[in-house]
Amino acid sequence: MSMSDLQPQLEYKRFNAFHRWMHFLGMTSFTVLVFTGMPLKYSNASWAQWSMDLIGGPEAAGLLHRVAALVTMVYFISELVYIGIYIVTRRGPLWGDNTIVWSRKDGQDFVNMFRWFFGKGPFPQFERFTYWEKFDFWSLTAGTVIIGGTGLMMWFPVETTKLLPGVALNVALVIHSNEALLAMGVIFIFVHLFSAHGRPESFPIDKVIFTGSIPVEHYREERPLEYAQRLHDGTLNDVLVPARTGATKHVGNVVWWIITFMAMVAAALLAAFILWTVVT
Amino acid sequence: MSVGRSRALSLALLTASFAALVWAGSAGAQMSDQNERCFECHAKADLGTIMVDGEERSLTVDPVAYRASQHGLIDCTGCHIGFKPQAHTEAESEDWLYTARTTACGTCHGDVAAIYAGSTHGQEHAKRGEGAATPDCATCHGSHEIATTDTIAFRRSAVDTCSSCHGGRSGTYLDTYHGKSFALGRPEAAACFDCHTAHGVLPADDPNSAVSSQNVVATCGKCHADANDNFSSYLVHVNAKDPRDSVIVFMTYAFYATLIAVMFTLGGIHSVMYFYRGRKQGMYRRRHEHE
């Protein structure tokens, strides 16, 4: 019997409960928004009719879309409050190493990544957040403001035109639906689903956003610079937590497999539908 | 079972079902004897066709459908005015057909007929004469199977009728939220005739038009309480891909089309290359050894 069987294994805590809740709310509301919105964008396609029937018609879709939009507003505002508290209490660095804010290193990493793609250099060493994770975060943030703003304009058209000309509503629709397609395609297929879950380091799924922690060895390989810095600063122990064991682990596993499976099938299905519409 | 017996059985079944149909039809509405005489010939499926305006039309009228229609109790000659009961020529038939498509409607629906007569459709119809491609009553409402207009089916068929001539306009209508939700199962969403009116359609530059600058705010206000000038300047018919419709809408569309193409390409390359290099270096296999 080895030591690991007796002692609970330690894991590296990457996300706290707040992060995980934000991801869960974002994931669920985004999926609902996409599925209730895309049939309208592609209303000419044959799949639009039956998927709209499945949802319960345009009125039901409209209601679900607005409920999910409210959930989006709730998590977006929560995130702003969280960032505000983070800044005021200075719980961590805002600029410099290991932040979600862009730095020069991200540009270098991006270039080096393409070098690695063509076998012309080593795999870049990452800090806490890679450039695609930052892209993911900031484009989602920008997208939420853009899609949310234009969505509110169309939700309250009469109020909007008390301030703006009518053509603003035409422009709002074009922005809303295309920004949504961009968000769905780029963030959730290419950047998010692949780069978070499908990339070789985490395939078939990166559980960390659901469980909060990840085996230490694995994390050290993925984010060597953050690990090294914590080792250097002597703060490594702050982020080591016992791995989930027993029932908690199994229940957690089952739940995230179900959620992830559904989300992936849904995303793949809709991506295929839209591709089909664009091609045919 | 022999062939003879099975044929006899089918014949019996056929007779029974026909009897049931006739009974069902006559139970609700007692048709005038006159119509029965018309149907002696015009219920026959093999009656043949007549050429009207270069279009071949069937001379057969389904008595069951006619009786079930809104006009099921009206005499055939109530609409086909001037019909004479002797064997009739094709020219005469054409006349009776046209009468039934517009003129006769005014007998009962005088108010609507007057509005129609003043509309673009009515004026064009009067100018070009019968047989021209201007919509008359029957174009939208149909003839022998005429139905009430407050049904989903009728609203849908009416939009189709509009688009048979105004294809471009209905195309841009279907790009709006009104059109999209109408098409996908919300038939009470505003459609062509809710804004342009059904019978009094006039060009937007006519002050009496429902969509003229004088009236359009009130027209929007039918659904959108508090609608104002700005609200009504919303472009209902705009093709985002055509800069002549609206430069700003086109620019927005073009910007996003470019952005999406670039981002999808870049995202696609990044993902495919990441996958390719990861596989080549055995990273997918190493990952599993960790678990």
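Definitions and cut-offs
Residues numbered from 1 in each chain as written. Chains lettered and ligands numbered in written order. Predicted model: local features only at pLDDT ≥ 70, side-chain atom pairs only at ≥ 80, totals over all residues. Helix = DSSP H or I, 4+ residues; strand = E, 2+ residues; numbered from the N terminus. Buried ≥ 20, exposed ≤ 12 C-beta atoms within 10 Å, placed from the backbone. Domains from an automatic or database assignment. Expected span 1.5 Å × (residues − 1). Contact = placed C-beta atoms within 7 Å. Nonpolar A, V, L, I, M, F, W, Y, C, P; charged D, E, K, R; others polar. Pairing = 2+ DSSP bridges. Axes fitted to C-alpha atoms, helices over the stretch in contact; angles between N-to-C directions. Core = buried A, V, L, I, M, F, W, Y, C linked by C-beta atoms within 7 Å.

### Things to note about the overall build of chain B
Then step 1. Looking only at helices and strands, chain B has 17 helices and two strands in total.
Then step 2. Per-residue burial for chain B yields a buried fraction of 21% across its 291 residues.

### Description of the domain arrangement of chain B
A common way to state how big an interface is: give the accessible area lost once the parts meet.
Then step 1. Domain boundaries assigned for chain B yield domain 1 (25-145), domain 2 (148-237) and domain 3 (248-290).
Then step 2. A C-alpha centroid distance of 42 Å is found between domain 2 of chain B and domain 3 of chain B.

### Things to note about helix α2 (residues 17-41) of chain A
Along an α-helix, a turn takes 3.6 residues, which lines up residues three or four apart on a common side.
Then step 1. With 25 residues, α2(A) extends 35 Å from end C-alpha to end C-alpha; this agrees with the ideal 36 Å at 1.5 Å per step.
Then step 2. Along α2(A), the residues classified as buried are A:Ser29, A:Phe30, A:Val32, A:Leu33, A:Val34, A:Phe35, A:Thr36, A:Gly37, A:Met38, A:Pro39, A:Leu40 and A:Lys41.

### Side note on the interface of chain A and chain B
Then step 1. Residue-level contacts link 40 residues of chain A with 41 residues of chain B.
Then step 2. Looking at the side of chain A that touches chain B, the elements that each hand over two or more residues are α2, α3 (46-55), α4 (57-89), α5 (104-117), α7 (157-160), α8 (167-198) and α10 (216-222) of chain A.
Then step 3. Counting residues per element, the side of chain A that touches chain B draws most heavily on α8(A), which supplies 14 residues.
Then step 4. Each residue belonging to the side of chain A that touches chain B can be placed in one class, and the counts come to 25 nonpolar, nine polar and six charged.

### Some words on the sheet that holds strand β1 (residues 10-13) of chain A
Residues and elements named next belong to chain A.
Then step 1. A sheet is described by the order of its strands in space; here three strands give the open sequence β2-β1-β3, paired in antiparallel fashion. Strands at the two margins of the open sheet, each flanked by one partner only, are β2 (213-215) and β3 (240-242). Taking each pair of neighbouring strands and ignoring which way they run, the sheet shows an average axis angle of 50 degrees.

### Side note on the pairing of β1(A)
All names here are of chain A.
Then step 1. Judged from the three bridges that link them, β1 and β3 form a sheet pairing that is antiparallel. Its bridge partner being in β3, Leu10 is matched across the sheet by Pro242.
Then step 2. With three bridges joining them, β1 and β2 adopt antiparallel strand pairing. Paired with Lys13 across the two strands is Ser213, which belongs to β2.

### Concerning the nonpolar core
Then step 1. Residues A:Leu33, A:Val34, A:Met38, A:Ala183 and B:Ala191 are the most contacted members of the largest nonpolar core, which totals 39 residues.
Then step 2. Of all the elements in the fold, those that place two or more residues in this core are α2, α3, α4, α6 (131-155), α8 and α12 (246-279) of chain A together with α10 (152-165) and α12 (177-183) of chain B.
Then step 3. Considering every element that reaches this core, the biggest residue donor is α8(A), with ten residues.
Then step 4. Once residues lying within four places of it in the same chain are set aside, the contact partners of A:Ala183 are A:Gly143 and A:Ile147.
Then step 5. Core analysis: the second largest hydrophobic core is formed by 17 residues, A:Met153, B:Phe231, B:Tyr234 and B:Val249 among them.

### A closer look at the environment of A:Ile214
Residues and elements named next belong to chain A.
Then step 1. Mapped onto the elements, Ile214 comes out in strand β2.
Then step 2. Note on Ile214: 22 C-beta atoms within 10 Å, which makes it buried.
Then step 3. C-alpha of Ile214 to C-alpha of Arg104: the two residues are 110 residues apart in sequence and 27 Å apart in space.
Then step 4. Filtering out sequence-adjacent residues up to four positions away, Ile214 remains in contact with Glu11, Tyr12, Arg14, Val208 and Tyr219.

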